[in-house]
Amino acid sequence: MKATDVIAIGDLAARTGVSVSAIRFYEARGLLDPFRNKGGQRRFLRSDIRRLSFILIAQQLGLSIEAIGRELAKLPDGRTPTAKDWTRMSTGIRAIIDERIATLTRTRELLDGCIGCGCLSLERCALYNPGDRAGRRGAGPRYVIGDPIESA
């Protein structure tokens, strides 16, 4: 490995705009795997710039650290990932993004319907869920996650 293939943690922080402490956090969670030089200092592969950028994007999409870790585990260790490696990993992320889009679309449609309904009555509102009818199906926002709205 050439010296130009590795960077120090401060350089990684400067290049990505991520604080050194955040990089250490991602390392502790197993998302980044630096090695130590003879002096004990962390060194990162240049490709870790892309890894860290992916982490930031995935977090912006609302993915948990655990989900990000599962996806990053699909990349090779100790070498720069190829386009094929990234494509393989992106299929899992694509499914997560598609589900989030579907959830956001359902939420938007429910809100549009509610705003346009004009019922102005909690007695007749399909979203109000009197008596917690939706709760019989399980925890969480049942209508937003795709359960059909029961009529009163």
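This structure is a prediction, so every number in the text was calculated from the model and none was measured.

## Things to note about the overall build of the chain
Within the chain, the regular secondary structure consists of five helices and three strands. Going from the N terminus to the C terminus, the chain shows its helices and strands as β-α-α-β-β-α-α-α. Burial statistics for the chain: of 152 residues in total, 30% are counted as buried. Sequence-distant contacts, at least 24 apart, represent 50% of the contacts inside the chain between residues at least 6 apart.

## Things to note about the side chain of Asp48
Within the fold, Asp48 resides in helix H3 (residues 48-60). For Asp48, the residues in contact, after removing those within four places along its chain, are Leu12 and Leu32.

## Some remarks on helix H4 (residues 65-72)
Burial in H4 covers these residues: Ile65, Ala67, Ile68, Glu71 and Leu72. Around the axis of H4, the buried residues are gathered within 160° of arc, so they sit on the same side.

## Let's talk about the packing of aromatic side chains
This structure, assessed with the given rule, holds two aromatic pairs. Measuring from ring centre to ring centre gives 5.6 Å for Phe25 and Tyr26, while their planes differ by 65°; the resulting arrangement is edge-to-face.

## Section: the pairing of strand E3 (residues 42-45)
Here strand E1 (residues 6-8) runs beside E3; their pairing, made up of three bridges, is antiparallel. For Ile7, the partnering residue across the bridge sits in E3 and is Phe44. Where strand E2 (residues 35-36) and E3 come together, two bridges link them in antiparallel fashion. Paired with Phe35 across the strands is Arg43, a residue of E3. Hairpin geometry of E2 and E3 is characterised by an intervening segment of five residues between the two adjacent antiparallel strands and by a positive phi of about 85° at Gly40.

## Quick word on the nonpolar core
Residues Ile23, Tyr26, Leu52, Phe54, Ile55, Ile68 and Leu72 are the most contacted members of the largest nonpolar core, which totals 24 residues. Taken together, the elements giving at least two residues each to this core come down to helix H1 (9-16), helix H2 (20-28), H3, H4 and helix H5 (83-117). The greatest single-element share of this core, amounting to five residues, is contributed by H3. What Leu52 contacts, discounting residues up to four positions off in sequence, is Leu12, Thr16, Val18, Ile23, Tyr26 and Leu32.

## Description of the side chain of Asp85
Positionally, Asp85 belongs in helix H5. For Asp85, a relative accessible area of 4% gives the class buried. Within the structure, the side chain of Asp85 is placed 2.8 Å from the side chain of Arg88, a separation counted as a polar contact.

## Details of the pattern of salt bridges
Scanning the model with the defined rule gives six salt bridges in all. Note that Arg42 is salt-bridged to Glu27, the shortest N-O span being 2.5 Å. Residue Arg42 is found in strand E3, and its partner Glu27 is found in helix H2; the two are separated by 15 residues along the sequence. By relative accessible area, which is 21% here, Glu27 ends up partly exposed. With a closest N to O distance of 2.7 Å, Glu66 and Arg29 form a salt bridge. One end of the pair, Glu66, is in helix H4; the other, Arg29, is in the loop between H2 and E2, with 37 residues separating them in the sequence. Given a relative accessible area of 44%, Glu66 falls into the partly exposed group.

Rules of the game
Residues numbered from 1 in each chain as written. Predicted model: local features only at pLDDT ≥ 70, side-chain atom pairs only at ≥ 80, totals over all residues. Heavy atoms only, no water. Helix = DSSP H or I, 4+ residues; strand = E, 2+ residues; numbered from the N terminus. Buried < 20%, exposed > 50% of the residue type's maximum accessible area, 1.4 Å probe, protein only. Contact = heavy atoms within 4.5 Å. Arc of directions from axis to C-beta. Phe/Tyr/Trp six-rings, centres within 6.5 Å; stacked < 30°, edge-to-face > 60°. Pairing = 2+ DSSP bridges. Core = buried A, V, L, I, M, F, W, Y, C linked by side-chain atoms within 4.5 Å. Polar contact = N/O pair within 3.5 Å; in protein donor to acceptor, adjacent residues only side chain to side chain. Salt bridge = Lys/Arg side-chain N within 4 Å of Asp/Glu carboxyl O.

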